[in-house]
Amino acid sequence: MGLFEEIAAGAAAESPLWASALRPEAEEDAVPVFSPLVEDRRFALGVETIYEGYLLHYGRPRLFAPPDADVGLLLGDALLAHGLVRIADTGSVAAVADLAALLSLCAQARADGRDGDGVAWAATAALLGQGGLDTARLAFRETGDPAPLEHLARATAGEPAVDAALVAHDARIRAIV
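Procedures and definitions
Residues numbered from 1 in each chain as written. Predicted model: local features only at pLDDT ≥ 70, side-chain atom pairs only at ≥ 80, totals over all residues. Heavy atoms only, no water. Helix = DSSP H or I, 4+ residues; strand = E, 2+ residues; numbered from the N terminus. Buried < 20%, exposed > 50% of the residue type's maximum accessible area, 1.4 Å probe, protein only. Polar contact = N/O pair within 3.5 Å; in protein donor to acceptor, adjacent residues only side chain to side chain. Contact = heavy atoms within 4.5 Å. Expected span 1.5 Å × (residues − 1). Arc of directions from axis to C-beta. Salt bridge = Lys/Arg side-chain N within 4 Å of Asp/Glu carboxyl O. Phe/Tyr/Trp six-rings, centres within 6.5 Å; stacked < 30°, edge-to-face > 60°. Lys NZ or Arg CZ within 6 Å of the ring centre and 35° of its normal.

Chemist: How should I be thinking about the side chain of Thr90 in this particular structure?
Modeler: Its place among the elements puts Thr90 in the loop between helix H4 (69-88) and helix H5 (93-112). On the basis of relative accessibility, which here comes to 19%, the residue Thr90 falls in the buried class. Polar side-chain contacts of Thr90 include one of 3.3 Å to the backbone nitrogen of Ser92. Contact partners of Thr90, with chain neighbours within four places excluded, come to Arg42 and Phe43.

Chemist: Just to check I follow, could you spell out helix H9 (residues 159-172) for this structure?
Modeler: Residues three or four positions apart in an α-helix share a direction because the helix packs 3.6 residues into each turn. When the terminal C-alpha atoms of H9 are compared, their 20 Å separation across 14 residues agrees well with the 20 Å that a helix rising 1.5 Å per residue should span. Looking only at H9, the buried set comprises Val162, Ala165, Leu166, His169 and Arg172. Burial along H9 is one-sided: seen end-on, the buried residues are contained in an arc of 125°. The outward face of H9, more than 90 degrees from its buried face, is lined by the exposed residues Pro160, Val167 and Asp170.

Chemist: Sorry, what's going on with the pattern of salt bridges here?
Modeler: When the charged atoms of two side chains with opposite charge come close together, those side chains can pair. Taken as a whole and assessed by the stated rule, the structure comprises 11 salt bridges. Notably, a salt bridge pairs Glu48 with Arg62, separated by 2.6 Å at the nearest N-O pair. Of the two residues, Glu48 sits in helix H3 (residues 44-58) while Arg62 sits in the loop between H3 and H4, which places them 14 residues apart along the sequence. Judged by relative accessible area, which is 0%, Glu48 ranks as buried. Linking Glu159 and Arg154 is a salt bridge whose minimum nitrogen-to-oxygen distance equals 3.0 Å. Given a relative accessible area of 44%, Glu159 falls into the partly exposed group. Of the residues examined, Arg154 reaches a relative accessible area of 17% and is grouped as buried. In the salt-bridge network here, residues are joined through shared partners; they are Glu150, Arg154, Glu159 and Asp163.

Chemist: Any chance you could explain the packing of aromatic side chains here in plain terms?
Modeler: The geometry of an aromatic ring pair comes down to the distance between the two centres and the angle between the two planes. Counted by the stated rule, this structure contains six aromatic pairs. Where Phe34 meets Tyr51, the ring centres are 5.1 Å apart and the plane angle is 85°; that geometry is what we call edge-to-face. Placement of the pair is Phe34 in the loop between helix H2 (16-20) and H3 and Tyr51 in helix H3, with a sequence separation of 17 residues. A ring pair is formed by Phe34 and Trp121, whose centres lie 5.5 Å apart and whose planes are at 20°; its orientation type is stacked. Remark: Trp121 occurs in helix H6 (residues 117-126) and Phe34 occurs in the loop between H2 and H3; sequence separation between them is 87 residues. Comparing Phe34 with Trp121, the two get one shared label, buried. In textbook terms, an aromatic cluster arises when at least three aromatic residues are bridged by ring pairs, as seen for Phe34, Tyr51, Tyr54, Tyr58 and Trp121. When the ring centre of Phe140 is taken as reference, the NZ or CZ atom of Arg114 above it lies at 5.0 Å.

Just distances and angles here, no functional claims.
So this is what it looks like as structure tokens:
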């Protein structure tokens, strides 16, 4: 089973409401965004599951078309939880902590009306479970400057991979109003 089939199957198995929110296969946009930046492939499914949940909250999801905003919010929360469980199942407490910090950082940026969530996602994916993100996260949290996170992402995953992820992310995310 492929990455996106597994995300869809997991959600559908949990609830008939989630199953009914799945897009028809022909309408899915099953393109990985941040998992290509992840060095440890054990984390790919969890990262894309969490990202799909994030898109249900803030963007255009790839696999789901919920009937209303309330179902979208609940499904997003469920996918965030599923993804964190998948990461926890790898045994990497550091990776779980990195993703929890990412979600907190992005929620704060969204609440403050700031851009930079894509760079935060890219840096976290590139360094997932490896450490080295604290100073850059702090800079973003306190000053809104995503440059240190972007530098880490590009230095770790490479310019082309980060550029591709950020372009894909920007195409899926709602403009901050």
